[in-house]
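Given next are the chains, with one letter for each unit.
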Amino acid sequence: TYENPDKSYFNDYDLVIYVYIDRATITVPEIGLIEIEYGNYFSNIYSVLPDGFSIYQEYNQEDLVGEIGIHDITLSYQPDDLVNYYPVYDILGQYKVVKATPFYNKEIFLNCYYGSKLSDLQLPEGYTFNDSLDTFVGDVGERKFTVTYTPNDTEHYRIVDDIEIIVYVSPLAITPEIPTG
């Protein structure tokens, strides 16, 4: 209530003041360089974006992310509190396409005889033993060795190390010589 000291001209009256407080623009959190594997679709970038971020540019969901390297992307950020904060658009970000893990056989089983060396065994294409090829396979039974898989396309796919394989070592069949005579 406003009390007028000079009541000769005006009486006391209630004064209503309206204050409009606009939403603020939020400070966008840093997201750093987004990494995604080669061969993914552009729409899969959503799976590596932090909460609140989305892609703010036209794209086809079936487009691939591109070649190995760093690429620009336009993002938007929508805060949890939309009552007090505006969304932020046209944020320039970057994503890095990294080498993908190739599809490879994770279960390799080989058979050989006691006394064999690794050089006597035939691995599938692209696989190499981590041990020397002069290494003996060992005693009869199940033996474990590690191999490395090198894909044909090492520009887009990484080399996979330390894949454990199983070698079944069988007893060596000996044929006795029977003396004649």
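A few points on the structure. Just so it is clear, the structure is predicted and the values come from calculations on it, not from any experiment.

## Quick word on the sheet that holds strand β4 (residues 69–77)
Taken in spatial order, the 4 strands make up an open sheet running β2-β6-β4-β3, and their pairing is mixed. At either margin of the open sheet sits one strand with a lone partner, and together these are β2 (34–37) and β3 (53–55). Neighbour-to-neighbour, the strand axes of the sheet open up by a mean angle of 45°, direction not taken into account.

## Focus on the sheet that holds strand β8 (residues 127–129)
Strands sit in the order β7-β10-β9-β8 across an open sheet of 4 strands; the sheet is mixed. Looking at which strands have only one partner, the edges of the open sheet turn out to be β7 (109–113) and β8. Each strand axis lies, on average, 45° off the axis of its neighbour in the sheet, ignoring direction. With 5 bridges joining them, β7 and strand β10 (residues 160–170) adopt parallel strand pairing. Bridge assignment links L110 to a residue of β10, and that residue is V167.

## Structural notes on the environment of I55
When you line up the elements, I55 lands in strand β3. Here I55 falls in the buried class, since its relative accessible area comes to 8%. Residues I55 and I159, spaced 104 residues apart in sequence, show a C-alpha to C-alpha distance of 31 Å. When sequence neighbours within four positions are dropped, the list of residues in contact with I55 reads F42, I45, Y46, L49, I73, T74 and L75.

## Quick word on the packing of aromatic side chains
Summed over all chains, the structure comprises 9 aromatic pairs. Taken together, a centroid distance of 5.0 Å and an interplanar angle of 45° make the contact between F42 and Y59 tilted. With a gap of 17 residues between them, F42 in the loop between β2 and β3 and Y59 in the loop between β3 and β4 connect regions that are remote in the sequence. Look at F42 and you get buried, because its relative accessible area is 7%. Overall, the relative accessible area of 26% leaves Y59 in the partly exposed class.

## Let's talk about the environment of I45
Note on placement: I45 falls in the loop between β2 and β3. In this structure the C-alpha to C-alpha distance between I45 and L33, which are 12 residues apart in sequence, comes to 12 Å. Non-local contacts of I45, meaning those with residues more than four positions away in its chain, are made with I36, I55, V65, I73 and Y95.

## Comments concerning the pattern of salt bridges
What the rule picks out here adds up to 1 salt bridge. Of the charged contacts in the structure, one is a salt bridge between K144 and E164, with a shortest N-O distance of 3.8 Å. With K144 in strand β9 (residues 141–149) and E164 in strand β10, this residue pair connects regions lying 20 residues apart in the sequence. Assessed through its relative accessible area of 49%, E164 is described here as partly exposed.

## Considering the pairing of β4
Here β3 runs beside β4; their pairing, made up of 3 bridges, is antiparallel. Each bridged residue has a counterpart across the sheet, and for S54 the counterpart in β4 is S76. Two strands pair when backbone bridges link them, and β4 and strand β6 (residues 88–98) are joined in this way by 8 bridges, in the antiparallel orientation. What sits directly across from G69, in β6, is V97.

## Quick look at the environment of Y85
Turning to its location among the elements, Y85 is positioned in strand β5 (residues 85–86). Y85 sits 58 residues away from T27 along the chain, and the two C-alpha atoms are 9.6 Å apart. Contact partners of Y85, with chain neighbours within four places excluded, come to R23, A24, T25, I26 and P79.

Rules and cut-offs
- Residues numbered from 1 in each chain as written.
- Predicted model: local features only at pLDDT ≥ 70, side-chain atom pairs only at ≥ 80, totals over all residues.
- Heavy atoms only, no water.
- Pairing = 2+ DSSP bridges.
- Helix = DSSP H or I, 4+ residues; strand = E, 2+ residues; numbered from the N terminus.
- Axes fitted to C-alpha atoms, helices over the stretch in contact; angles between N-to-C directions.
- Buried < 20%, exposed > 50% of the residue type's maximum accessible area, 1.4 Å probe, protein only.
- Contact = heavy atoms within 4.5 Å.
- Phe/Tyr/Trp six-rings, centres within 6.5 Å; stacked < 30°, edge-to-face > 60°.
- Salt bridge = Lys/Arg side-chain N within 4 Å of Asp/Glu carboxyl O.

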